[in-house]
Amino acid sequence: PLDRVLTEIPAGSLYEGEDPLACAQRELEEETGFKARHWEKILSYYSAPGFTDEQLHIYLAGGLFPGQTNPDPDEFIETELVPLDKAYRMIFSGEIVDGKSIIAIQYLASRRLQPLPEV
């Protein structure tokens, strides 16, 4: 719909009845060619609650190792490893405009500055 190339974190739609973590694991490998040894759920949120009941789930993947890419036929993906500091600057330069990516990057940047208190 935006008619432009976006820089965003790996993501995809949940299959009916699919566990959000299983979806994150599937999408990471499909879109980047990586698997992860460690997974941490960051948060879940509603993308536009006045318009849709879509809930997004953000996970942090660690201990990456090679897997196999398998993008959907309508996806044109170029994987780029971007350091957190650069990704953070890309938000403010307008290069990253995708909401889920902004939330994930902001979360990681704030966590890097100081640990969050336990809730």
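Residues numbered from 1 in each chain as written. Predicted model: local features only at pLDDT ≥ 70, side-chain atom pairs only at ≥ 80, totals over all residues. Heavy atoms only, no water.

Colleague: I tried to follow the overall build of the chain on my own but got confused; where do I start?
Modeller: When you go through the chain residue by residue, the secondary structure sums to 3 helices and 2 strands. Counted from the first residue to the last, the chain has its helices and strands arranged as α-β-β-α-α. Taken over the C-alpha trace, the chain has a radius of gyration of 15 Å; the compact-globule value for 119 residues is 14 Å, and the two agree within 12%. Expressed as lengths along the three principal axes of its C-alpha atoms, the size of the chain is roughly 40 × 35 × 30 Å. Put simply, of all contacts in the chain between residues at least 6 apart along the chain, 54% involve residues at least 24 apart. Only carbon and sulfur atoms are counted for the fraction: they give 54% of the accessible area of the chain, which is about 8,700 Å². Charged side chains of the chain number 10 positive and 21 negative; the gap between the two group centres comes to 9 Å. (Helix = DSSP H or I, 4+ residues; strand = E, 2+ residues; numbered from the N terminus. Rg over C-alpha atoms; globule rule 2.2 N^0.38 Å. Contact = heavy atoms within 4.5 Å. Areas by Shrake-Rupley, 256 points an atom, 1.4 Å probe, with all protein chains shown as cover. Lys, Arg positive; Asp, Glu negative; His and termini not counted. Charge placed at Lys NZ, Arg CZ, Asp CG, Glu CD.)

Colleague: When you look at unusual backbone geometry in this model, what are you seeing that I'm missing?
Modeller: Apart from glycine, the bulk of residues carry a negative phi angle, and the bulk of peptide bonds sit in the trans form. Within the chain, Asp3 stands out as a residue other than glycine whose phi angle is a positive 55°. Looking at where Asp3 falls in the secondary structure, it is placed in the segment before α1 (20-32). Looking at Asp3, the relative accessible area reads 80%, which means it is exposed. (Buried < 20%, exposed > 50% of the residue type's maximum accessible area, 1.4 Å probe, protein only.)

Colleague: Which parts of the structure should I look at to understand the environment of Leu60?
Modeller: Examined against the element boundaries, Leu60 turns out to sit in strand β2 (residues 55-66). Judged by relative accessible area, which is 25%, Leu60 ranks as partly exposed. For the pair Leu60 and Lys41, spaced 19 residues apart in sequence, the C-alpha separation works out to 6.3 Å. Setting aside residues up to four positions removed in sequence, Leu60 forms contacts with His38, Trp39, Glu40, Ile42, Leu108 and Arg111.

Colleague: I keep staring at helix α2 (residues 84-92) and nothing clicks. Help me out?
Modeller: Each α-helix turn comprises 3.6 residues. Residues three or four places apart therefore point the same way. Of all the residues in α2, the buried ones are Ala87, Met90 and Ile91. Burial along α2 is one-sided: seen end-on, the buried residues are contained in an arc of 105°. Away from the buried face of α2 by more than 90 degrees, exposed residues Arg89 and Phe92 are located. The inward-facing, buried residues of α2 abut α3 (99-113). Following α2 by one or two positions, Gly94 has its phi on the positive side, about 85°. (Arc of directions from axis to C-beta.)

Colleague: What's the story with the nonpolar core in this structure? I'm lost.
Modeller: As a rule of thumb, nonpolar side chains are buried together in soluble globular proteins. By size, the foremost hydrophobic cluster in this structure holds 6 residues: Ile42, Tyr45, Leu56, Ile58, Ala104 and Tyr107. Counting residues per element, the ones that place at least two in this core are β1 (34-46), β2 and α3. Core analysis: the next-biggest nonpolar cluster, separate from the first, contains 5 residues, Ala87, Met90, Ile91 and Ile105 among them. (Core = buried A, V, L, I, M, F, W, Y, C linked by side-chain atoms within 4.5 Å.)

Colleague: In this structure, what is going on with the pattern of salt bridges? I would like to understand it.
Modeller: Pairing between side chains becomes possible if they bear opposite charge and their charged atoms approach one another. The final tally for this structure, using the stated rule, is 7 salt bridges. Between Glu27 and Arg26 there is a salt bridge, with its nearest N and O atoms 2.7 Å apart. For the residue pair Glu27 and Arg26, the accessibility class agrees, reading buried in each case. Where Lys86 meets Glu80, a salt bridge forms, and the shortest distance between an N and an O atom there is 3.8 Å. Relative accessible area serves as the criterion here: at 34%, Lys86 is assigned to the partly exposed category. (Salt bridge = Lys/Arg side-chain N within 4 Å of Asp/Glu carboxyl O.)

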